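Here is what each chain is made of, one letter per residue.
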Amino acid sequence: MKKVILLLVLVLGLVNGVGAAPLNLAQVPVEAKWLAHVDFEALGGTDLWWLVSQEIPEQAQQKIDDIAEITGCDPTEDIYGLTLLGPDAKEENVVALFYGKYDQGKLESLLKGNAAYSESVYKGKTIYHWVEKVRGRNQCGIFAADSMIVVSQSEAAVQQMIDLLEGEGKSLAEGEGPLTGLVEAPEGVVFVASAQSLNELVANKPRAALAKKLETFTLKIGEYDGCYLDVQMDMVAGNDADAERIAKSLMGLRAFIELKHGDSSEVSEMFDATSMKWDKNNISVHFRYPSVELFEMAKAHIMKKRLIQKGLTELNKLKSN
């Protein structure tokens, strides 16, 4: 899934989101079995994002400015929301909904420069076709509105979105579907991801042993009370026995970390900020921690790793001489 997200962002790494950045259930097909949504507009208002933005190096800012010049879009300011969704686990059926400000003329020029560029029309809407350069996969998409772009590898999936946006399909907002009741995101949530029949979606993933025991999974991340990062994870296992295995695995992981980092006050504080509830086949994990402290902790850890890596590199140079 990580590769899918990165691929779709890179394909139109210029596209940006609408003013309505929260998850819009009216634009999610009722058949969707999984989705992930990032509210970049809400993220931009958090303490955590402000801290991260201060660390953007000049070299990266120059690349961002170059992208803005070429596409008419600033990726750090004009992307308001991104929704990824699908009816199954097949990558070709993933649909990406980009929300924001964009220059359609510049984007069309970029697409027309693709060697495999072509167009088709569905119900009066132009569907653009191209091949992305990273992995050579076919892509297609539409400018759905002044502030929305739809992209998928599947033309049928894009056509389904056209039907939905034209009022000819059923959305999650108006019908009972696999994700009904799972993805409602309260104010303050910047990221929500959910999957129904997760055990079926990951059936062919050999490294997803725990996920194969879950019927549903929902993750919500936000910032509340102005400065606290809040993470809520809710899981429903296929049966009570599977829930017990998952709960005990999580407790075992915590015990291992405590054993390895028992002298770390930071680790102790983070565990104190974490709670788990387990009732029959339902498991929930909650974490809340001050955003600034979490950022400084992560920054110090990264700097430590960089210093160690730099020291090892210098040592290797001395050995080679």
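1. What about the overall build of the protein?
- Per the secondary structure count, the protein includes ten helices and twelve strands.
- Radius of gyration (C-alpha) of the protein: 22 Å, near the 20 Å computed for a compact globule of 321 residues.
- In terms of principal-axis extent, the alpha carbons of the protein reach across some 65 × 60 × 40 Å.
- Looking at the 321 residues of the protein, the share that counts as buried comes to 39%.
- Contacts spanning at least 24 positions in sequence make up 61% of the contacts within the protein whose residues lie at least 6 apart.

2. Quick notes on the pairing of strand 5 (residues 125-131)
- Pairing geometry for strand 4 (residues 118-122) and strand 5, over five bridges, is antiparallel. The residue of strand 5 that forms the bridge with Glu119 is Tyr128.
- Where strand 4 folds back on strand 5, the antiparallel hairpin that results is connected by two residues, among which Lys123 adopts a positive phi of roughly 50°.
- In the sheet, strand 5 pairs with strand 6 (residues 138-145) via four bridges, with the strands oriented antiparallel.

3. What about helix 6 (residues 155-165)?
- All of the buried residues along helix 6 are Ala157, Val158, Met161, Ile162, Asp163 and Leu164.
- Considering only its buried residues, helix 6 is in contact with strand 3 (95-100), strand 4, strand 5, strand 6 and strand 7 (148-152).

4. Let's talk about a negative patch on the surface
- Together, Glu266, Glu269, Asp272 and Glu293 make up a negatively charged patch on the protein surface.
- The element contributing the most residues to the negative patch is helix 9 (residues 265-272), with three residues.
- If you trace the backbone, Glu293 turns up in helix 10 (residues 291-320).
- The class for Glu293 is partly exposed, based on a relative accessible area of 44%.

5. Structural notes on the environment of Lys33
- Residue placement: Lys33 occurs in the loop between helix 1 (2-11) and strand 1 (34-39).
- When its relative accessible area of 26% is taken as the criterion, Lys33 is described as partly exposed.
- Sequence-wise, Lys33 and Gly177 are 144 residues apart; in three dimensions their C-alpha atoms are separated by 8.1 Å.
- Among residues more than four places away in sequence, those in contact with Lys33 are Gly86, Pro87, Pro178, Leu179, Ser194, Ala195, Gln196, Glu200 and Leu201.

6. Section: the sheet that holds strand 6
- Spatial ordering of the open sheet is given by 4-5-6-7-3-2-1-8-9-10-12-11, a layout of twelve strands whose pairing is antiparallel. In this open sheet, the two edge strands, each paired with only one partner strand, are strand 4 and strand 11 (274-279). For this sheet, the mean inter-axis angle between neighbouring strands, taken without regard to orientation, is 15°.
- Sitting on the sheet, helix 5 (residues 104-112) is in contact with strand 4, strand 5, strand 6 and strand 7, with an inclination near 45° to strand 5.
- Against the sheet, helix 8 (residues 240-260) engages strand 9 (214-224), strand 10 (228-237), strand 11 and strand 12 (282-290), with an angle of about 160° to strand 11.

7. Quick look at the packing of aromatic side chains
- Summed over all chains, the structure comprises four aromatic pairs.
- Ring-pair connections join several aromatic residues into one group, and the members of that group are Tyr102, Tyr117, Tyr128 and Phe143.

8. Considerations on the side chain of His129
- Structurally, the position occupied by His129 is in strand 5.
- Taking the relative accessible area as the measure of exposure, His129 reaches 16% and is therefore buried.
- Engagement of the side chain of His129 in a polar contact is seen with the side chain of Ser120, the distance being 2.8 Å.
- Apart from the residues within four sequence positions on either side, His129 is in contact with Ala116, Tyr117, Ser118, Glu119, Ser120, Gln139, Cys140 and Glu155.

9. Overview of the environment of Glu258
- Note on placement: Glu258 falls in helix 8.
- The exposure class of Glu258 is partly exposed, given its relative accessible area of 36%.
- Sequence-wise, Glu258 and Ser268 are ten residues apart; in three dimensions their C-alpha atoms are separated by 7.7 Å.

10. Description of the confidence of the model for the protein
- When pLDDT is averaged across the protein, the result is 84; 92% of the residues are at 70 or more.
- Per-residue pLDDT stays below 50 along residues 1-20; that stretch engages in 63 contacts with residues further than four places along the chain or on separate chains.

11. A look at a nonpolar patch on the surface
- On the surface, Ile308, Leu312, Leu315 and Leu318 cluster together into a nonpolar patch covering about 390 Å² of accessible area.
- Looking at where Leu318 falls in the secondary structure, it is placed in helix 10.

12. What about the side chain of Glu223?
- Mapped onto the secondary structure, Glu223 falls in strand 9.
- Within the buried set, Glu223 has no salt-bridge partner at all; the shortest N-O distance to an opposite charge, 10 Å, is to Arg288.
- Polar contacts involving the side chain of Glu223 include one to the side chain of Ser291, which spans 2.6 Å.
- With sequence-adjacent residues up to four places away left out, Glu223 is seen in contact with Thr46, Asp47, Leu48, Gly188, Tyr228, Leu229 and Ser291.

Cut-offs applied
All chains use their own residue numbering, which begins from 1 and follows the written sequence. Under the rules for a predicted model, residues below a pLDDT of 70 receive no local features and side-chain atom pairs below 80 are neither given nor counted, while totals for whole chains, interfaces and linings still include all residues. Derived side-chain values reflect all non-hydrogen atoms in the structure, with water molecules and hydrogen atoms excluded from consideration. Secondary structure elements follow DSSP: runs of H or I no shorter than four residues count as helices, runs of E no shorter than two count as strands, and numbering proceeds from the N terminus. In this treatment the radius of gyration is a C-alpha quantity, and the globule benchmark scales as 2.2 Å times the residue count to the 0.38 power. For every residue, the accessible area (1.4 Å probe, protein chains only) is compared with the maximum for its type, and the residue is labelled buried under 20%, exposed over 50%, or partly exposed between those bounds. The contact criterion used is simple: two residues touch if any of their non-hydrogen atoms lie within 4.5 Å. When DSSP locates at least two bridges between a pair of strands, those strands are taken to pair. The patches reported here contain residues having more than 30% relative accessible area and no salt bridge. Joining distances are 9 Å for like charges and 5 Å for nonpolar side chains (Val, Leu, Ile, Met, Phe, Trp, Tyr). For the accessible areas, the method is Shrake-Rupley and the probe is 1.4 Å, while residue cover comes only from the protein chains on display. Between Lys or Arg on one side and Asp or Glu on the other, a salt bridge is scored when a side-chain nitrogen of the former is within 4 Å of a carboxyl oxygen of the latter. As used throughout, the charge tally considers Lys and Arg to be positive and Asp and Glu to be negative, leaving His and the chain termini uncounted. Note on charges: their place is set at NZ of Lys, CZ of Arg, CG of Asp or CD of Glu. Working convention: axes come from line fits to C-alpha atoms, limited for helices to the stretch in contact. Angles between N-to-C directions cover 0 to 180 degrees. Whether two aromatic rings pair depends on their centres lying within 6.5 Å, for rings of Phe, Tyr and Trp, where Trp uses its six-membered ring; planes under 30 degrees apart make the pair stacked, over 60 edge-to-face, and the rest tilted. Any N or O atom pair separated by 3.5 Å or less is treated as a polar contact, with the protein-specific requirement of one donor-capable and one acceptor-capable atom, and with residues adjacent in sequence counted only for side-chain atom pairs. Confidence scores here are pLDDT values: one per residue, from the predictor, ranging 0 to 100.

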